[in-house]
Amino acid sequence: MCALCVLTATLLSGCGIGSEEGTTVVQEVVTVTPEPLLSDTERAICDYELKYNTGTFEMADYHTLSDLYLEVGQIRKQRDMLEQSYRLFDDEEALVKLQSIAVNLEEEDAAILREAQTMLQNLELPEYLDESVNQIVSAHWMSTMMPKLAEGKRSYFLQQEGRIALKIEVGYDDNGAPYSNVWYVDAESKVKQLQYQNNTVQLLITSLVGQTYDGAFEAWKLDGNNGNIRHEQGVFLQGLYTGDYKASVHVGTAASDLFALWSNRAGMEYVDYTGHFDEQGKTTLEQPSEDNLTAFVADTAYATCIVYAYDEDLQNCLFLGLEEGQDPATGSFGLEVLGFEAYPEYETYEVVAKETETTGNDATETDTIETDAIEAEETISVRIFDGEIQYFDGNKWIGIGNAQQYIKEDPFYAYAQQKENLHNALWGNVASDSEDAIEESGDSEGEQGGEAVTGSGSMGNHGMGAIATPTPTPTPAPTKKPTVVATPAPTPEPTPEPTPAPVAPPAPAPVVTPAPTPAPTPAPTPAPTPAPTPVPTPPPSGGEVDIEWSPDIM
């Protein structure tokens, strides 16, 4: 409270004091009005805080007080007022305002600050990098960093040695699924970006020039929905791909725990793909035929695609799907192709020194003494004992009611229950929910084979395809398979003619002369067996003969 200080100065001159003769007493009273201890804004804040504590706050009051907190740089209090307004009144205006607020972690709750500092340490030390992945995919991280709302987001930053070392964005996407983005920047402007969404974790390591990624980069993307892993290496030029590019892809066979997938990534089998980009981020690779490109996206929502990497044998490729109206000739590859958010720009601020509720920075000695006197008075102690709220009256503990009943009477209880139920449902079924969402979008990744398959949903419109050659010449498809010139099978040896059975010699004549008999008729000579019809040459077996097909799509 403001007070007028009256200073009375008595100036004495002469030979003595009192009524002695010759004494001159001169008294001068000077009234000094000091600067008010509170500004108009601070006084208005006090008035609204008093009204807030009386329980008569309306939605408009929440907005007014949050604006006043913004004027004096108390950003955390500004955010808290808007979050309360949204939870109490379903205040969409408050939710919109919240999206642009970033809170300095130095003025946050101890639990939030501790969690953020742990993440900072995990990203700062290479040997703790695995722990940063384990941390960001945990339910504890989400419930700590986004404790109040089940919509929108919270943004934080942490200063270290005169720079913004850590930026955090955590919240729920348009489908209600939880997501997190973390950016760590060291003293040499090396940046590590770690993000989690739809049961997929991604890590990007590169350099930061201003607000833009520039220089060599390494990126990991691990999809827990199907076990897919993608490891990419290349160079950014003002946020665009340039020069040589390499992608190593592991195609999973089943859903997997994300941290286990990350921990075992080095031992997986990969197929390597390479590409090249010009200074505008456009691929320099020759494209397959239009038939191939159309076939690659046949089962997706995309109209065509751009092939940007081939495997060593030039038989398989990686492509980027394009929507109707997108011109492949103008397509550039940059940060968004990797599936990462751009480095955010936050309006940063210094934390306002904590003050007493009733005084400003110019608190007088009297104010301090009064505060000390209040603190010296008996302090009220409150506890929960066996589910009952109790307070200590100086001699004994006195119960005032069941704690759970008081909690249910909290005006924020209904929203808190709704948020808890939603959080449990989403977190307990992240993999299945994500798979459903990806399947509906027509962008799920199938097994690699003869047909073109698309990439995983969290990487957007990526996919893999198999082609005959990297630059096939388009030809009309024949109505029948072309005649195959192959080595004929050997002609089988003809079956040899059977040898006629020998004629038995006549029996010797008896001693007596028999009556004459007619000469025996000789046995007929058997007709020769006709030569067998030659067996037709069988068609060549696919497993034994290498067939050069014309460019049918595998």
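All figures in this text were calculated on a predicted structure; none of them were measured in a lab.

Trainee: A description of the pairing of strand β15 (residues 304-311) should follow, citing residues and the corresponding values.
Mentor: Of all the eight residues making up β15, eight are buried; the element is thus mostly covered by neighbouring parts of the structure. Sheet topology note: the strand β14 (residues 271-277)/β15 ladder contains two bridges and is antiparallel. By the bridge assignment for β15, T274 is matched with Y310. As defined by bridge partners, β15 adjoins strand β16 (residues 316-322) across six bridges and the pair is classed as antiparallel. Opposite Y310, over in β16, you have C317 as the bridge partner. Linking β15 back to β16 in an antiparallel pair, the connection comprises four residues, with L314 at a positive phi of about 60 degrees.

Trainee: Give me the lowdown on the environment of G281, citing residues and values where you can.
Mentor: With respect to the secondary-structure elements, G281 resides in the loop between β14 and α9 (290-296). Among the residues examined, G281 registers a relative accessible area of 0% and is labelled buried. Considering only alpha carbons, one finds G281 and Y241, 40 residues apart in sequence, at a separation of 4.7 Å. Apart from residues lying up to four places away in sequence, G281 is in contact with L240, Y241, G331, S332 and F333.

Trainee: Go over the packing of aromatic side chains with me, naming the residues and quoting the values.
Mentor: With the rule as written, the count across this model stands at 22 aromatic pairs. Measuring from centroid to centroid gives 5.7 Å for Y241 and Y245, while their planes differ by 20 degrees, and the two rings are stacked. Ring geometry for Y245 versus F277: centroids 5.8 Å apart, planes at 90 degrees, classification edge-to-face. In this pair, Y245 is assigned in strand β13 (residues 243-250) and F277 in strand β14, connecting sequence segments 32 residues apart. Here Y245 falls in the buried class, since its relative accessible area comes to 3%.

Trainee: So what's going on with helix α3 (residues 75-89)? Residues and values would help.
Mentor: With 15 residues, α3 extends 21 Å from end C-alpha to end C-alpha; this agrees with the ideal 21 Å at 1.5 Å per step. Those residues of α3 that fall on the buried side of the exposure criterion are I75, Q78, R79, M81, L82, E83, Q84, S85, Y86 and R87. D90 sits one or two residues past α3 and shows a positive phi near 55 degrees.

Scoring rules and cut-offs
- Here, residues in each chain are numbered from 1, in the same order as that chain's written sequence.
- Per-residue local features are limited, in this predicted model, to residues with pLDDT of at least 70; the limit for side-chain atom pairs, both in listing and counting, is 80 or more; totals at the level of whole chains, interfaces and linings are taken over all residues.
- Working from all heavy atoms in the structure, the side-chain values ignore hydrogens and water.
- Between buried and exposed lies partly exposed: a residue is buried under 20% and exposed over 50% of the maximum accessible area for its type, with that area taken using a 1.4 Å probe on protein chains only.
- Only DSSP runs of H or I with at least four residues qualify as helices, and only runs of E with at least two residues qualify as strands; both kinds are numbered from the N terminus onward.
- A strand pair is defined by DSSP finding two or more bridges across the two strands.
- We call two residues in contact whenever any of their non-hydrogen atoms come within 4.5 Å of each other.
- Centres within 6.5 Å are what make two rings of Phe, Tyr or Trp a pair, Trp counting through its six-membered ring; a difference in plane orientation under 30 degrees is then read as stacked, over 60 as edge-to-face, and the rest as tilted.
- In this analysis, the expected span of each helix is defined as 1.5 Å times one less than the number of residues it contains.

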